[in-house]
Amino acid sequence: MLKIKHFCPTKSTICLCRRIQFFPTAISHVSTTSIPNPNGNQKQETRPDYPFLDTKFNQYQIAYRYRHTIELLRGYFVYRLFSINFLVNNQNKIAYWGRRILGEKVFHKVLKLTAFGHFVGGESPQEIIPVINRLQKYHVHPILDYSVESDDTNSTASSDHVQRMHDDNTAKFIECIKTSHDICGANNLIAIKVTALIRPSVLKKLNTVLQSINNREVLPALFEIINQDETSGKTVTRLQQSLQLQNTTDQKEISSSVRFTTDELKEIYQLLLRLNKIAQACAQYKISIMVDAEQTYFQNAINYLATELQRYYNKNNIPFIYGTYQCYLKETLICLKRDLALAEKYNYIFAAKLVRGAYMEQERRLARENSYEDPINANFETTTQMYHVCFDEVMKSTVKRSPNQVRVMVASHNEDTIRYAITKMKDYDIRRGSSIVSFASLYGMSDYVAFALANSGYKTYKYLPYGPIEALQPYLFRRAQENRAIFQKADKDRRFHLQAFKDRIFKSTN
Ligand SMILES: Cc1cc2nc3c(=O)[nH]c(=O)nc-3n(C[C@H](O)[C@H](O)[C@H](O)COP(=O)(O)OP(=O)(O)OC[C@H]3O[C@@H](n4cnc5c(N)ncnc54)[C@H](O)[C@@H]3O)c2cc1C
């Protein structure tokens, strides 16, 4: 293997580069490296000489430069609090009593000074600007996440009120796209949740109907029809007709028990219009959206809508729409393969975020209570295996199709998974700065991984939730509850916060 490194004019310059770990763009020297390509051949390529990455992820010195000293101490205490099972299990009760004893105002202040401050960017676009600037200074790109979601499948709230709320949420997502464009520039990302745009009970019904369809390809190209004629409801009529036709063909029992009412069909149509409006704003501002994955009783419908959006909007070399694949589900590999094949057939960019999945406890409880097969993999190892196989599948597709027709985001705090992705990138000859593979973590978590990756030239993102405290409180609490496993494992995050704080105080480092 031929390696020509250090094209620096003087030896001392080389050492300095190495030690202070400049970001790659600041380094002008070039190395020639032989890398095996996926076909097993050796290929010689010229590429920038990236700063060293410790794949054991112990470079905490680079991790917290964006945090103020006091925030490091807060991070340490928040991690301590979140590792106490009693607090996480009883957070709703504690919040209730906290409100009653302290009053709403003081309670909000306490939250803002602790968990909210650590895991959330702020309450408004104005509040998150300094946070974004600090992240970007260290080459970590924010994914703005205006946090609104709903899981109330039994809601009977008045239709007008609900429609207004969903229209407001659409406007908020569009504002989020504009904010991302204005502060971060084009080619950045925001996240959306479909449950913020339609009544959960209707989405759940659509999910059930879609689940009964063997071949989704018989369904109409939703956004093509909608963009031909936005004013008529013919998209939904065509969708309903094909669903009914397909159900009759497949002779599924489900079809007779799940029929949409006229109002529900109108709601589905409104949802399509809202999604279309959001996607049009994406195209206008050159910002992409990540369609988050949610519970299995919504996820088929969410995946279908995300795929339909991709089919229309991911055509012109920019992946405006990313879907999400939850690798804790037994069926994920099958879905991912199906969607990769669809993208290839209809020639659009396949863009995906891979996650393990955030609703494990709820999914397992529902399966137990309703006596159906648990949709979650039997254990953590199987989930990890599923994650890695799904990643492999996307990598294979970069060879099969042209590489710029595929994008994958490794959204995980798991060091093994990140190491796995890095190794595969080398195997498939994907350079670090490439947009084909990117990495993402949540704001306030695993900074020692994210900032190390960004420092060494990998495309790195942080989900940056923002919004009013009341709206974000359930999100925050759910995160703590569902991610209990991580918080117990969060010893490293906690230790590094304290170590970085001590370094600041006693060694006066940055
Ligand atoms: C940027 C980003 C975006 C995200 N977006 C979404 C999203 O859209 N939808 C969503 O659902 N989640 C989302 N998540 C959350 C994600 O799904 C995980 O809950 C979280 O990241 C923890 O997984 P991990 O790989 O980071 O960490 P790890 O600690 O390695 O993994 C913990 C996860 O492993 C799985 N697991 C744990 N024990 C078992 C078991 N016994 N059997 C099977 N599986 C098990 C669970 O999924 C658990 O959350 C996102 C996470 C990130 C970082």
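What you are looking at is a predicted structure, and each value in this text was computed from that prediction instead of being measured.

Our next topic: the overall build of the protein chain. Each helix and strand in the protein chain was counted, giving 23 helices and 11 strands. Relative to its full complement of 510 residues, the protein chain shows a buried share of 41%. Within the protein chain, contacts between residues at least 6 apart in sequence are counted, and of these 77% link residues at least 24 apart.

Because side chains alternate across strand S6 (residues 288-291), one face comprises the buried residues Ser288 and Met290, and the other comprises Ile289 and Val291, equally buried. Pairing of strand S5 (residues 189-192) with S6, which is carried by 4 bridges, proceeds in the parallel orientation. Counted as the bridge partner of Ile190 is Ile289 from S6. Strand direction decides the pairing type here: S6 and strand S7 (residues 321-326), joined by 2 bridges, are parallel. Bridged to Ile289 within S7 is Ile321. The parallel pair S6 and S7 is bridged by helix H15 (residues 296-313), and the resulting crossover is right-handed.

Taking 1.5 Å as the rise per residue, helix H9 (residues 159-184) with 26 residues should run 38 Å; its terminal C-alpha atoms sit 37 Å apart, in good agreement. Along H9, the residues that are buried comprise His166, Asn169, Thr170, Phe173, Cys176, Ile177, Thr179, Ser180 and Cys184. One or two positions beyond H9, positive phi appears at Gly185, with a value near 90°.

Moving on: the site of the ligand. As a structural note, the neighbourhood of the ligand is formed by 28 residues, with Asp292, Val355, Arg356, Ala358 and Asn414 the closest of them. Residue assignment for the shell around the ligand shows that the elements contributing at least two residues are S7, helix H18 (380-400), strand S10 (437-442) and helix H22 (484-489). Here the shell around the ligand is composed, by residue class, of 14 nonpolar, 11 polar and 3 charged.

Counting residues in hydrophobic clusters, the biggest one holds 125 residues, and the most contacted among them are Ile143, Ile190, Ile289, Ile321 and Leu354. Tallying contributions element by element places H15 first for this core, with 10 residues. Excluding anything up to four places from it in sequence, Ile289 contacts Ile190, Ile192, Ile278, Cys282, Phe320, Ile321 and Tyr322.

Residues with a pLDDT of 70 or more make up 82% of the protein chain, whose mean pLDDT is 84. Below a pLDDT of 50 lies the segment residues 1-46, which in the model reaches 60 contacts outside its immediate sequence neighbourhood of four places, other chains included.

What follows deals with unusual backbone geometry. Its identity as a non-glycine residue notwithstanding, Phe57 has a phi of 55°, on the positive side. Position of Phe57 relative to the elements: it lies in the loop between strand S3 (42-48) and helix H2 (60-63). For Phe57, a count of 20 C-beta atoms within 10 Å translates into the label buried. A positive phi angle is found at Asp429, which is not glycine, with a value near 60°. Inspection of the secondary structure puts Asp429 in the loop between helix H19 (415-427) and S10.

A separate point is the sheet that holds S10. Taken in spatial order, the 8 strands close into a barrel running S4-S5-S6-S7-S8-S9-S10-S11, and their pairing is parallel. Here the strands of the sheet are splayed against their neighbours by 30° on average, with no regard to which way each runs. Where strand S4 (residues 140-146) meets strand S11 (residues 460-466), 7 bridges bridge the pair, whose relative direction is parallel. If you follow Ile143 over to S11, its bridge partner there is Tyr463. Against the sheet, helix H20 (residues 447-455) contacts S4, S10 and S11, and its axis sits at roughly 135° relative to S11.

What follows concerns the packing of H15 against helix H16 (residues 332-346). Running from amino to carboxyl end, H15 crosses H16 at an angle of 20°, the nearest separation of the two axes being 11 Å. Between H15 and H16, the angle is such that the two are roughly parallel. Once H15 is placed against H16, the crossing between them reads as right-handed. Across the interface between the two elements, Asn303, Thr307, Gln310 and Arg311 of H15 pack against Cys335, Asp339, Leu342, Ala343 and Tyr346 of H16. For the contact of H15 with H16, the class distribution of residues is 4 nonpolar, 3 polar and 2 charged.

Thresholds, definitions, all that
Numbering of residues starts from 1 in each chain and follows the order in which that chain's sequence is written. Since the coordinates come from a predicted model, pLDDT governs what is reported: local features require at least 70, and pairs of side-chain atoms require 80 or more to be given and counted, while whole-chain, interface and lining totals use all residues. Strands are runs of DSSP state E lasting at least 2 residues, helices are runs of H or I lasting at least 4, and numbering of each runs from the N terminus. Counting other C-beta atoms within 10 Å of a residue's C-beta gives its exposure: the residue is buried at 20 or more, exposed at 12 or fewer, and partly exposed in between, where C-beta atoms are placed from the backbone. Residues are defined as contacting one another if the C-beta atoms placed from their backbone atoms lie within 7 Å. A pair of strands is treated as paired once DSSP finds two or more bridges between them. We call a crossover right-handed when, viewed with both strands directed away from the observer, the connection leading from the first strand over the helix to the second proceeds clockwise. Expected helix span is given by 1.5 Å per residue-to-residue step, counting one fewer step than there are residues. Whether a residue is near a molecule or strand depends on its C-beta atom, generated from backbone atoms, being within 6 Å of that molecule or strand. Under the convention adopted here, Pro, Cys and the residues Ala, Val, Leu, Ile, Met, Phe, Trp and Tyr are nonpolar, Asp, Glu, Lys and Arg are charged, and Gly plus all remaining residues are polar. By convention in this section, buried Ala, Val, Leu, Ile, Met, Phe, Trp, Tyr and Cys residues joined through C-beta atoms within 7 Å make up a nonpolar core. Confidence scores per residue from the predictor, reported as pLDDT, run from 0 to 100. For every element, the axis is a line fit to its C-alpha atoms; helices are fit only across the contacting stretch, and the angle between N-to-C directions ranges from 0 to 180 degrees. Roughly parallel here means an angle under 35 degrees, roughly antiparallel means over 145, roughly perpendicular means 65 to 115, and every remaining angle is called oblique. Crossing handedness is read from the near helix: turned anticlockwise from the far helix by less than a right angle, it gives a left-handed crossing, and turned clockwise, a right-handed one.

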